Amino acid sequence: MNQHKIIEELQSPRVILILKQKAMSNFVNGISSLWFLLSILALFIFLAFPTILSLLSKLNSNSAKKPPPSPPKLPIIGNLHQLGTLTHHTLQSFAQTYGPLTLLHFGKVPVLVVSSAEAAREVLKTQDHIFCNRPHRKMFDIFWYGSRDVASAPYGHYWRQVRSICVLHLLSTKKVQSFHRVREEEVVLMIDKVRQSCYASMPVNLTDLLSDVTNDIVCRCVIGRRYEGSELRGPMSQLEELLGAAVLGDYIPCLDWLGRLNGVYGRAERVAKQLDQFLDQVVDEHVSERGRDDDVDGLGQNDFVDILLSIQKTSRTTDFQIDRTIMKALIMDMFGAGTDTTLAVLEWGMTELLRHPNMMQKLQNEVRSVGGGRTDITEDDLNVMPYLKAVIKEILRLHPPSPILIPRECMQDTKVMGYDIAMGTQVLVNAWSISTDPSYWDQPLEFQPERFLKSSMDIKGHDFQLIPFGAGRRGCPGIAFAMIVNELVLANIVHHFDWALPPGLVGDQALDMSETTGLTVHRKLPLLALASLHM
């Protein structure tokens with residue numbers, strides 16, 4: 001009975017009308033919601049369209065681009081795990097597999113490895129204006145006052161100004177020549193040290209000897225005092241070690257905290273503070289002695305600090321003013337570039353001459369013939385020693401002090417040898433791989449100075465088979481300073497003494513050729529030899 005009553009009520013016209021109205025209302029509401037959602041979607045598409053179009057364009061562009069060959073990489077770290085301890089050897093092996101242009105990934109950073117003279121010419125000369133920037137490096141920031149030196153400063157107005165100071169005032173030909181007395185005096189002191197070892201019949205630690213003479217020459221030229229016994233010895237040794245340390249934060253920013261955790265950043269900052277205090281003391285001493293005449297033109301014996309103070313005084317009326325921080329950054333450049341690399345060249349040079357006694361004898365014959373009966377070889381004598389110059393070139397070819405040139409950075413999208421290189425890509429030029437490439441050199445791993453006797457090839461960045469000092473805008477401005485020290489020291493050390501290996505050992509048995517790691521590659525073990533006075 002109740003069911004029949006309910007059914008009759010539901011079928012009544014009034015209830016049916018109510019249900020129809022409710023259904024219509026739901027339908028209208030549904031339509032309204034749909035139109036609202038469609039409006040929101042249309043607005044979103046309208047606003048997002050440029051971004052979507054850009055992403056599609058990039059995808060199409062990337063698919064059309066041709067990057068250099070690249071080995072497989074791991075997530076996050078890329079190819080960092082494959083570098084090994086002797087990076088220039090590892091990069092050479094990559095080139096043998098993937099070609100003269102190889103694209104690696106250090107963390108998230110793309111890195112172009114250049115391993116042929118043709119590719120180096122393209123990057124360092126033809127497109128030098130695109131590849132002349134420096135990538136950011138944490139250690140350079142710590143030691144060089146936020147990368148305010150010539151070597152590591154980003155390309156731009158500031159870098160051009162400080163490089164101009166170095167080229168025109170600190171390392172000009174005239175200024176380099178003005179320090180001839182300093183170099184010759186320090187070489188005489190070096191010879192005296194070896195003579196004392198001869199009298200005592202003791203082996204000479206050539207690594208220490210050559211380190212002392214190069215550091216003393218550079219220090220006297222830069223700050224007016226000898227390196228030996230100064231406060232620089234400890235901090236500079238630690239600086240060299242820290243520059244060779246791996247800093248993951250340079251390539252994987254999210255792991256930058258590891259530098260704090262493992263103490264590397266803290267140690268670097270303590271060493272930098274020691275060096276900064278020393279440099280402040282040096283500048284203060286020079287300021288207090290400013291009673292003497294300035295000599296910016298390099299006609300007298302003023303050191304680099306004197307010259308920088310003179311430039312600072314005159315720069316107050318120019319658009320580029322030198323403050324104390326810039327001065328200290330440039331002084332640090334002179335120490336870093338002028339001592340370590342010169343030592344490496346001389347150390348490897350004596351190593352190769354000891355391994356090849358016939359070439360040692362040939363060099364001694366030339367030097368002693370030019371020197372005649374005089375006690376010392378002077379810088380005027382060096383111009384008539386072609387074999388000496390050939391020996392130095394061959395040392396730089398086989399043992400470039402920095403086998404991998406200081407990294408560069410691409411400043412815009414470009415093409416190199418048909419490959420697409422993206423803006424921000426870092427560039428490593430493997431100078432050692434190029435200078436030992438059998439495509440350019442006969443018996444490339446053999447020490448043969450004679451190959452340069454009839455060759456016009458130089459080391460100034462014009463011949464890309466041999467670029468130990470780099471090339472282009474970022475080439476080393478101190479080539480003349482370094483070369484004259486190399487030639488003068490080597491000529492005198494073979495002029496005064498006959499050299500031999502310790503008794504019982506011959507060739508490679510006595511001369512471990514293992515290399516250190518770092519920006520500059522030295523012998524891993526000290527070089528010991530016996531000297532006897534030449535009569």
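The rules we used
Residues numbered from 1 in each chain as written. Predicted model: local features only at pLDDT ≥ 70, side-chain atom pairs only at ≥ 80, totals over all residues. Heavy atoms only, no water. Helix = DSSP H or I, 4+ residues; strand = E, 2+ residues; numbered from the N terminus. Buried < 20%, exposed > 50% of the residue type's maximum accessible area, 1.4 Å probe, protein only. Contact = heavy atoms within 4.5 Å. Areas by Shrake-Rupley, 256 points an atom, 1.4 Å probe, with all protein chains shown as cover. Axes fitted to C-alpha atoms, helices over the stretch in contact; angles between N-to-C directions. Parallel < 35°, antiparallel > 145°, perpendicular 65-115°, else oblique. Nonpolar A, V, L, I, M, F, W, Y, C, P; charged D, E, K, R; others polar. Core = buried A, V, L, I, M, F, W, Y, C linked by side-chain atoms within 4.5 Å. Pairing = 2+ DSSP bridges. Salt bridge = Lys/Arg side-chain N within 4 Å of Asp/Glu carboxyl O. Phe/Tyr/Trp six-rings, centres within 6.5 Å; stacked < 30°, edge-to-face > 60°. Lys NZ or Arg CZ within 6 Å of the ring centre and 35° of its normal. Left-handed = near helix turned anticlockwise from the far one by under 90°. Lys, Arg positive; Asp, Glu negative; His and termini not counted.

1. A word on the overall build of the protein
Regarding its fold elements, the protein presents 18 helices and 9 strands. Here the protein holds 535 residues, and 50% of them are scored as buried. Contacts in the protein between residues far apart in sequence, at least 24 positions, make up 74% of those at least 6 positions apart. Total accessible area on the protein stands at roughly 26,100 Å², and carbon and sulfur atoms take up 58% of it.

2. Regarding the packing of helix α15 (residues 357-371) against helix α18 (residues 479-496)
Interaxial distance between α15 and α18 falls to 9 Å at its minimum, and their mutual angle equals 95 degrees. Comparing their axes, α18 and α15 come out roughly perpendicular. Here M360, L363, Q364, V367 and R368 of α15 lie close against α18, whose contacting residues are L490, A491, V494 and H495. By residue class, the composition of the contact of α15 with α18 is 6 nonpolar, 2 polar and 1 charged.

3. Examining the nonpolar core
L206, M350, L490 and W499 are the most contacted members of the largest nonpolar core, which has 112 residues in total. If one sorts the elements of this core by residue count, helix α14 (residues 324-355) sits on top with 15 residues. Setting aside chain neighbours within four positions, we find W499 in contact with V194, V204, L206, M350, L354, M360, Q364, I493, V494, A529, L530 and A531. Counting residues in each nonpolar core, the second largest holds 21 residues, with V114, A120, L405 and F464 among its members.

4. Concerning unusual backbone geometry
One non-glycine residue, S201, lies in the positive phi region at around 55 degrees. Following the sequence through the fold, S201 ends up in the loop between α8 (180-200) and β3 (204-205). Relative accessible area serves as the criterion here: at 61%, S201 is assigned to the exposed category. Positive phi values are uncommon outside glycine, yet M417 reaches one of about 55 degrees.

5. Concerning the sheet that holds strand β9 (residues 528-533)
Across the sheet, which stays open at both edges, the 3 strands sit in the order β3-β9-β8 with antiparallel pairing between neighbours. Looking at strand neighbours, the two that pair on one side only are β3 and β8 (497-500), the edges of this open sheet. Across 2 bridges, the pairing between β3 and β9 is antiparallel. Pairing of V204 across the sheet is with A529, part of β9.

6. Observations regarding the pattern of salt bridges
In total, this model carries 26 salt bridges according to the counting rule given. For E269, the salt bridge goes to R260, with nearest N and O atoms at 2.7 Å. When its relative accessible area of 47% is taken as the criterion, R260 is described as partly exposed. E450 is the salt-bridge partner of K362, the closest N and O atoms lying 3.4 Å from each other. One end of the pair, K362, is in helix α15; the other, E450, is in the loop between α17 (431-435) and α18, and 88 residues separate them in sequence. What makes E450 partly exposed here is its relative accessible area of 32%. A network of salt bridges, in which partner residues are shared, links R181, E185, E186, R220 and R226.

7. Brief notes about the packing of aromatic side chains
Evaluation of the coordinates by the stated rule reveals 9 aromatic pairs. Look at F94 and Y98: their rings are 6.3 Å apart centre to centre, the planes differ by 45 degrees, and that puts the pair in the tilted class. With F94 and Y98 both in helix α3 (residues 87-98), this residue pair falls 4 residues apart, about one helical turn. The exposure class of F94 is buried, given its relative accessible area of 9%. Looking at Y98, the relative accessible area reads 27%, which means it is partly exposed. Both rings, one in F143 and one in W144, keep their centres 6.3 Å apart while their planes meet at 70 degrees; by these two values the pair is edge-to-face. The pair formed by F143 and W144 is uniform in burial state, with each residue classed as buried. An aromatic cluster is present here, built from F140, F143 and W144 joined pairwise through their rings. The ring of Y155 has R160 sitting right over it, with the charged end atom 5.4 Å from the ring centre. The ring of W441 carries R397 above its face, with NZ or CZ at 5.3 Å from the centroid.

8. Let's talk about the pairing of β9
Where β8 and β9 come together, 4 bridges link them in antiparallel fashion. Directly across from F497, in β9, lies its bridge partner L533.

9. Thoughts on the packing of helix α9 (residues 206-222) against α18
Between α9 and α18, the shortest axis-to-axis distance is 12 Å and the interhelical angle comes to 135 degrees. One finds that α9 runs oblique with respect to α18. Between α9 and α18 lies a crossing whose hand is right-handed. Note on element contacts: α18 touches α9 through F481, V485, V489 and I493, opposite L206, L209, L210, V213, T214, I217, V218 and C221. For the contact of α9 with α18, the residue count by class is 11 nonpolar, 1 polar and no charged.

10. Description of the side chain of D437
Checked against the element boundaries, D437 lands in the loop between α17 and α18. For D437, which is buried and forms no salt bridge, the nearest opposite charge comes from R397, at a distance of 9.7 Å.

11. With respect to the sheet that holds strand β2 (residues 109-114)
As summarised here, the arrangement of the 4 strands in space is β1-β2-β7-β4, forming an open sheet in which the pairing is mixed. At either end of the open sheet lies a strand with only one pairing partner, and these are β1 (101-106) and β4 (408-409). Where β4 lies against strand β7 (residues 426-429), 2 bridges are found, and the strand directions are antiparallel. If you follow R408 over to β7, its bridge partner there is V427. On the sheet, α3 packs against β1, β2 and β7 and is oriented at approximately 125 degrees with respect to β1.

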